[in-house]
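# Coordinates in review
Here is what each chain is made of, one letter per residue.
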Amino acid sequence: MDSKIILAHRGISSLAPENTLAAFNLLPKYNIKWLETDLGITSDKHVIIMHDDYLDRTTNGHGLLASTSYRNLHKLSAGAWFSSKYADERVPTLEELVSFVNRTKINVNIELKAVVSNNANEMADSLVHQFAQALDMIDPAIDIIVSSANPIMLLKLQQLRPHTEFAVLFDKTNLKDDWQLIMQSCHAQFIHPESEGLTREKIEQFKSSHYRVNVWTVNTLCRCNQLFNWGVDGVFTDFAQRLSYTDDY
Ligand code: G3P
Ligand code: MG
C-alpha cells in the first residue's frame, strides 16, 4: 500500500452527492487512489450504498432504509438534495460498487453499517454473507479494507473471509482504554479513529502496537499535515480533490 493514503470519504463528497456513482466517478479525474463508502441493506435484503439509517437526508424519500424495498428505493433521487444537476443519481448497489472498482482499479474501504431494524440480526447476517460473496468478485489487485464500528459484524466476516484486511472504527466517545482488546477480538490490522480530540500520544500508542492508522474525517490541510507528521497512514476527507498531491508528504 502507499505510504500516505487519501481516502475520498463517500466519494468526492464535496463536489457531488455522497455515496453516488457521480461522487465515485470523480476519483480517477483527481487521481485519487482510495474510495471510502458505506454499505446498508433494504427490507428485501438488497445490499446498497448508503451512510444513514434513514432515507431522509440523502434522498427524496422518508423513513428507515431497512423498512424500504429495493424497488421503492430505486425510484428515489440520491442527488437532488445536493443539486438539481444530480437529480438522476440513484442509490448505488453493491454490484455497481464492485463494477466501479474493477473498472477503475480504485482501492476501497468498505464500511459495514450496523442495521437498524426489528430483525437487525438476520439483516446484518444477510449483509455480511452477501458482502463476503461480493469480495470474491473484486479484482485481487485492488486493495480492500473492510471496516465497521461493530466488531461483531467484522468478526462474522472475518470467519467467512479470514484473509481480508479489517479496520475497527472508533469515535471520540468510544475510544477507551480497551481499544486494543477490541482490535484483537476481530483480528483487525487497521484502526480508524475520529480526528476530533485525537492526540499525538494516542497515535504513537497505535503505531507502537503495529497498527496502521487512518483518521476520519479530515477536511483541513493543516490538520492533515499535522496527522501525517504524527505518523498516521491515511486520512478520510470530503475534499480529496485538494489533497491529491499528498504522495509527496
Ligand atoms: O470510515 C470513516 C468514516 O466514514 C466513519 O464515519 O460516519 O462517515 O461513516 P462515517
Ligand atoms: Mg463511512
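See the structure shown above.
Conventions used here
Residues numbered from 1 in each chain as written. Chains lettered and ligands numbered in written order. Predicted model: local features only at pLDDT ≥ 70, side-chain atom pairs only at ≥ 80, totals over all residues. Heavy atoms only, no water. Helix = DSSP H or I, 4+ residues; strand = E, 2+ residues; numbered from the N terminus. Rg over C-alpha atoms; globule rule 2.2 N^0.38 Å. Buried < 20%, exposed > 50% of the residue type's maximum accessible area, 1.4 Å probe, protein only. Contact = heavy atoms within 4.5 Å. Areas by Shrake-Rupley, 256 points an atom, 1.4 Å probe, with all protein chains shown as cover. Lys, Arg positive; Asp, Glu negative; His and termini not counted. Charge placed at Lys NZ, Arg CZ, Asp CG, Glu CD. Polar contact = N/O pair within 3.5 Å; in protein donor to acceptor, adjacent residues only side chain to side chain. Axes fitted to C-alpha atoms, helices over the stretch in contact; angles between N-to-C directions. Parallel < 35°, antiparallel > 145°, perpendicular 65-115°, else oblique. Left-handed = near helix turned anticlockwise from the far one by under 90°. Nonpolar A, V, L, I, M, F, W, Y, C, P; charged D, E, K, R; others polar. 1 Å grid on protein atoms, 1.4 Å probe; cavity = no way out; pocket = protein on both sides within 12 Å on 5 of 7 lines; lining within 4 Å. Points joined across faces, edges and corners; volume = space filled by probe spheres on them. Donors = N, O, S within 2.8 Å, 3.2 Å for Na, K, Ca; no water. Expected span 1.5 Å × (residues − 1). Arc of directions from axis to C-beta.

### Here's the deal with the overall build of the protein chain
A count of helices and strands for the protein chain gives eight helices and nine strands. Whereas a compact globule of 249 residues would reach a radius of gyration of roughly 18 Å, the protein chain reaches 17 Å, a difference of no more than 12%. Along the first, second and third principal axes, the C-alpha atoms of the protein chain reach 50 × 40 × 35 Å. Expressed as a percentage of its 249 residues, the buried residues of the protein chain come to 52%. Residue pairs at least 24 apart in sequence account for 57% of intrachain contacts in the protein chain once pairs closer than 6 positions are excluded. If you sum the accessible surface of the protein chain, you get close to 11300 Å²; carbon and sulfur atoms cover 50% of it. Averaging the positions of the 23 positive and the 30 negative side-chain charges in the protein chain gives two centres separated by 3 Å.

### Some thoughts on the side chain of aspartate 38
For aspartate 38, the position within the fold is in strand E2 (residues 34–41). Using a relative accessible area of 0% as the deciding quantity, one classes aspartate 38 as buried. Of the polar contacts made by the side chain of aspartate 38, one reaches the side chain of asparagine 19; its length is 3.0 Å. Beyond its immediate chain neighbours, meaning those up to four positions away, aspartate 38 contacts Arg10, Asn19, Ile48, Ile49, Met50, His51, Glu111 and Lys113.

### Side note on the packing of helix H4 (residues 120–135) against helix H5 (residues 151–160)
Here H4 crosses H5 at 40°, and the two axes come no closer than 10 Å. Considered as vectors, H4 and H5 are oriented oblique to each other. Crossing hand, H4 versus H5: right-handed. Packed against H4, whose contacting residues are Ala124, Asp125, Leu127, Val128, His129, Phe131, Ala132 and Leu135, the element H5 presents Met153, Lys156, Leu157 and Leu160 at the interface. Looking at the contact of H4 with H5 residue by residue, the classes come out as nine nonpolar, one polar and two charged.

### Describing empty space enclosed by the protein
Taken as a whole, this structure holds two cavities of 30 Å³ or more when the rule is applied. Contributing to the lining of the largest cavity are 14 residues, with Gly40, Asp53, Leu65, Ala114 and Val115 lying nearest its centre. Grouping the constituent residues of the lining of the largest cavity by class yields nine nonpolar, two polar and three charged. Looking at the second largest cavity, its volume works out to about 70 Å³.

### Things to note about the coordination of the magnesium ion (ligand 2)
Distances from the magnesium ion (ligand 2) to its protein donors, Glu36 (OE), Asp38 (OD) and Glu111 (OE), fall at 2.0 to 2.2 Å. The sequence pattern describing where the donors of the magnesium ion (ligand 2) fall on their chain is E-x1-D-x72-E. Pair noted here: glutamate 36 is in strand E2 and glutamate 111 is in strand E4 (residues 107–112), with a separation of 75 residues, a long-range link. A residue is classified by how much of its surface remains accessible, and glutamate 36, at 3% relative accessible area, is buried.

### With respect to H4
Note: α-helices contain 3.6 residues per turn, so residues at a spacing of three or four share the same orientation. The terminal C-alpha atoms of H4, which comprises 16 residues, lie 22 Å apart, in line with the 22 Å expected from a rise of 1.5 Å per residue. Among the residues making up H4, those that are buried are Met123, Ala124, Ser126, Leu127, Val128, Phe131, Ala132, Ala134 and Leu135. In this structure, the buried residues of H4 make contact with E2, strand E3 (47–49), helix H3 (94–104), E4, strand E5 (144–148) and H5.

### As for H3
Of the residues making up H3, those classed as buried are Leu94, Leu97, Val98, Phe100 and Val101. In a view along the axis of H3, the buried residues occupy a sector of 160°, so they form one face of it. Along H3, exposed side chains directed more than 90 degrees from the buried face belong to Glu95 and Arg103. On its buried face, H3 sits against helix H1 (21–29), E2, E3, E4 and H4. Two residues or fewer after H3 comes lysine 105, characterised by a positive phi angle close to 65°.

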